[in-house]
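Chain residues, written in single-letter form:
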Amino acid sequence: MNDKWMLYMRGSVTFGLGLAIITLLARWVTGNTILSSPQTLIQYGIAGSIGYAIAGGLAFFFLGLVAKRVRRSFPEAITIGDVLKEKLLPSYYHTFILMLLFMGAYALMVQFYAAGTLFYYAIPQLPLIGFGGFLLLVIYFGGYGGLKKLTSLSFYSVVMIFLTTILLPIYSYLQNGISPIYDGVKLYHPYLFFMGSHETVWFVSAAILVFTGQILTDSATWMRIFVTKPEKIGLAFQSTGLIWATVPMALLALLLFAISGKSFDHVYLLIQTMLQALDASFLMIIFVFFV
Amino acid sequence: MIAMLTASSSELHGWTSLLIKNVWLEKSLTDKQITQYRHLSVWLLAFILFVIVAIVFPSSFSLLFFFGNLYASLIPAVMYILITEHRTGPAPAIIVAIGSVIGIVSHLSLHSFFSIWASFLSACLLFIAFYLFNLQKYKKPME
């Protein structure tokens, strides 16, 4: 196999704990996480939002156990396909790979859809042009760049994501005070505090399954597993789970702040409401640009 | 944007690697061909998805659990493949299909979250049955 191709797939370094966590986080803090949080909050309340965050974290914990074992038994593998090749008979192996590719293309479509939606809120006049530019960048990094470039991009991306998710809620809560926000939410949206709905429990348990399935069948995640040092994988996944869970929680805090003073017309417009609630426009730009 | 950019790029990178390494490379391509195929597949996929998104856009956002049944029944399948020692035939693909169909059918009478559990549990049960059925056959390690 040629060098250029191997460099594209594996990069040139073996990941330790830090790089593994950073690249996994960069892979899994997605448009879904951001755009589905308003709907989760309104339909399943605060308990549902926290449950959603915990579900994602649990999925990573579970995957850590599997990944450790697989990494040890297949030291030579690069993609999930290499493992399947050894474990399935040839013709069925192709069926399975095609299924994974189909799921991957679908997941990518959901990502693109989420990105398009954010462009739709940010530049309503020309959403498709912004989206096209976004796609060109994705093609550059994903198709031409290779793992090395992706890793350095991930590093900056994770720094910025956490800058945003820490800065914005703290700024909003400091500016307005915690108890006015709490009172406002209690006055306008008392149903959000309702716990113990059966639907919430089912939602969270189904979310655990869907998250686990998504992470388990994702080829990008497996490629990161196969370049990580075997002894670090368990810890890397556990830490990723813990850190990942803070992102939906931060979004929950921001959303609560956004709806604390008023009612809203439509769930899909909540992101817009949230952006408007950040009143200083540079904060809005930070949110759209970084997240 | 940046979070979405890294997530999508990583996904595209994983997708392309899987496609070329495990579907096309078996014909042993040259360096140049690999690069060509890589660029071709990336542009083609991005173009197709761009068209799809431009058409369905902007409509309601309910995509997250759309393939929930498929994901739920894929968990036992992938786990079975990864954990067992022997080589498996068509069973995983068939059981995934059965599990998803059971989930989608049960969607008619149950809530969508129940149907995800229905997919998962039926696929699990089928794999346990399949494993017990094959226990005798795979007792000796394969060559």
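Anything mentioned here points back to the structure above.
The structure presented is a predicted model; accordingly, all values stated were derived computationally and were not measured.

Draft legend 1. Expanded view of the overall build of chain B. A tally of helices and strands in chain B yields five helices and zero strands. The order of α-helices and β-strands along chain B, N terminus first, is α-α-α-α-α. Sorting the 143 residues of chain B into buried and exposed places 53% on the buried side. Restricting the contact set of chain B to residue pairs at least 6 apart, pairs at least 24 apart contribute 63%. Total accessible area on chain B stands at roughly 6900 Å², and carbon and sulfur atoms take up 72% of it.

Draft legend 2. Here's a closer look at the packing of helix 4 (residues 91–109) of chain B against helix 5 (residues 112–134) of chain B. All names here are of chain B. Between helix 4 and helix 5, the least distance of the axes is 8 Å, while the angle of their chain directions is 150 degrees. As the angle between them shows, helix 4 and helix 5 are arranged roughly antiparallel. Helix 4 and helix 5 meet at a crossing whose hand is right-handed. Here Ala91, Pro92, Ile95, Ile98, Gly99, Ser100, Ile102, Gly103, Ser106 and His107 of helix 4 come into contact with helix 5, specifically with Ser112, Ser115, Ala118, Ser119, Ser122, Ala123, Leu126, Phe127 and Phe130. Of the residues assigned to the contact of helix 4 with helix 5, the class counts are ten nonpolar, nine polar and no charged.

Draft legend 3. Examining the interface of chain A and chain B more closely. Contacts between the two partners involve 108 residues from chain A and, on the opposite side, 78 residues from chain B. At the boundary of chain A with chain B, total buried surface from both sides reaches about 9000 Å², with 76% on carbon and sulfur atoms. Sorting the residues of chain A by area buried against chain B places Lys87, Tyr113 and Leu209 of chain A first, and these three jointly supply 9% of that buried surface. Summed over the shared surface of chain A and chain B, the number is two salt bridges. Put simply, Glu11 of chain B and Arg27 of chain A hold a salt bridge, and the shortest N to O gap is 2.9 Å. One can count 13 residue pairs in polar contact (both at pLDDT 80 or more) joining chain A with chain B. With 28 residues, helix 6 (residues 90–122) of chain A is the single largest residue contributor to the side of chain A that touches chain B.

Draft legend 4. Highlighting the nonpolar core. Within the largest apolar cluster, 132 residues are counted, with the highest numbers of intra-cluster contacts made by Leu41, Leu84, Phe96, Phe112, Phe134 and Trp222 of chain A. The greatest single-element share of this core, amounting to 20 residues, is contributed by helix 6 of chain A. Two domains each provide a minimum of three residues to this core, namely domain 1 (2–56) and domain 2 (68–134) of chain B. Setting aside residues no more than four positions away along its own chain, Leu84 of chain A makes contact with Tyr93, Phe96, Ile97 and Leu100 of chain A together with Ile81 of chain B. Counting nine residues, the second-largest nonpolar core is a separate cluster that includes Met9 of chain A together with Ile20, Leu29 and Ile34 of chain B.

Draft legend 5. Looking closely at the side chain of Thr16 of chain B. In this structure, Thr16 of chain B sits in helix 1 (residues 2–24). For Thr16 of chain B, a relative accessible area of 1% gives the class buried. In this structure the side chain of Thr16 of chain B is engaged in a polar contact, spanning 2.5 Å, whose partner is the backbone oxygen of Leu12 of chain B. If near-sequence neighbours (up to four positions away) are discounted, Thr16 of chain B is found in contact with Trp5 and Tyr8 of chain A together with Arg38, Ser41 and Val42 of chain B.

Draft legend 6. Representation of a nonpolar patch on the surface. Taken together, the side chains of Leu44, Phe47, Ile48, Val51, Ile52, Ile55 and Val56 of chain B present a nonpolar region at the surface, about 620 Å² in accessible area. Its location among the elements puts Ile48 of chain B in helix 2 (residues 31–56).

Draft legend 7. The packing of aromatic side chains, seen in detail. All names here are of chain A. Overall, the coordinates contain 21 aromatic pairs over all chains when judged by the stated rule. Aromatic pair Phe60 and Phe237: ring centres 6.2 Å apart, planes at 45 degrees, arrangement tilted. With Phe60 in helix 4 (residues 37–73) and Phe237 in helix 12 (residues 233–259), this pair connects stretches of sequence that are 177 residues apart. Plain terms: the ring middles of Tyr173 and Phe257 are 6.5 Å apart, the flat faces sit at 45 degrees to each other, and that makes the pair tilted.

Draft legend 8. Up close: the pattern of salt bridges. All told, the structure shown has three salt bridges over all chains when counted by the stated rule. When the shortest N-O distance is used, the salt bridge between Asp218 of chain A and Arg27 of chain A registers 3.0 Å. One end of the pair, Asp218 of chain A, is in the loop between helix 10 (198–216) and helix 11 (219–226); the other, Arg27 of chain A, is in helix 2 (residues 17–28), with 191 residues separating them in the sequence. Put simply, Arg27 and Asp218 of chain A together with Glu11 of chain B are held in one network by salt bridges that share partners.

Draft legend 9. Quick peek at helix 8 (residues 147–176) of chain A. Taking 1.5 Å per residue, 30 residues should reach 44 Å; helix 8 of chain A reaches 43 Å between its end C-alpha atoms and fits that length. Among the residues trailing helix 8 of chain A, Gly177 of chain A stands out with phi positive, at a value near 85 degrees.

Reading guide: rules and limits
- Each residue is numbered by its place in its chain's sequence as written, counting from 1.
- As a convention, the first chain written is A and the first ligand written is 1, with the rest following in written order.
- Note on the predicted model: pLDDT of at least 70 is required for a residue's local features to be given, and 80 or more for side-chain atom pairs to be given and counted; whole-chain, interface and lining totals, by contrast, use all residues.
- The side-chain figures draw on all heavy atoms in the structure; neither hydrogens nor water molecules are used.
- Going along the chain from the N terminus, every DSSP run of H or I of four or more residues is numbered as a helix, and every run of E of two or more is numbered as a strand.
- To sort residues, take the accessible area from a 1.4 Å probe on protein chains only and compare it with the maximum for the residue type: under 20% means buried, over 50% means exposed, and anything in between is partly exposed.
- Whether two residues touch is decided by their heavy atoms; if any such pair falls within 4.5 Å, the residues are in contact.
- Each accessible area is a Shrake-Rupley result for a 1.4 Å probe, and residues are judged covered by the shown protein chains and nothing else.
- A fitted line through C-alpha atoms represents every axis, and for helices the fit uses only the stretch in contact; the resulting angles, taken between N-to-C directions, go from 0 to 180 degrees.
- Each angle gets one of four labels, with under 35 degrees taken as roughly parallel, over 145 as roughly antiparallel, 65 to 115 as roughly perpendicular, and the rest as oblique.
- In a left-handed crossing the near helix is turned counterclockwise from the far helix by less than a right angle, and in a right-handed crossing that turn is clockwise.
- Residue type decides the class: Asp, Glu, Lys and Arg count as charged, Ala, Val, Leu, Ile, Met, Phe, Trp, Tyr, Cys and Pro as nonpolar, and the leftover types, Gly among them, as polar.
- Summed over both partners, buried area is the accessible surface (1.4 Å probe) that two parts give up on being assembled.
- By definition, a salt bridge exists where a carboxyl oxygen of Asp or Glu is found within 4 Å of a side-chain nitrogen of Lys or Arg.
- Side-chain atoms alone can form a polar contact between residues adjacent in sequence; in general such a contact is a pair of N or O atoms within 3.5 Å, and within protein one must be able to donate a hydrogen while the other accepts it.
- Residues enter a nonpolar core if they are buried and are Ala, Val, Leu, Ile, Met, Phe, Trp, Tyr or Cys, with the set joined through side-chain atoms within 4.5 Å.
- Domain segmentation is taken from an automatic or database assignment of domains.
- Only residues whose relative accessible area exceeds 30% and that form no salt bridge are eligible for patches; like-charged ones are grouped when within 9 Å, while nonpolar side chains (Val, Leu, Ile, Met, Phe, Trp, Tyr) are grouped when within 5 Å.
- Classification of ring pairs rests on two measures: the distance between centres of Phe, Tyr or Trp rings, Trp counted by its six-membered ring, which must be within 6.5 Å, and the angle between planes, read as stacked under 30 degrees, edge-to-face over 60 and tilted in between.
- The length a helix should cover is 1.5 Å for every residue beyond the first.

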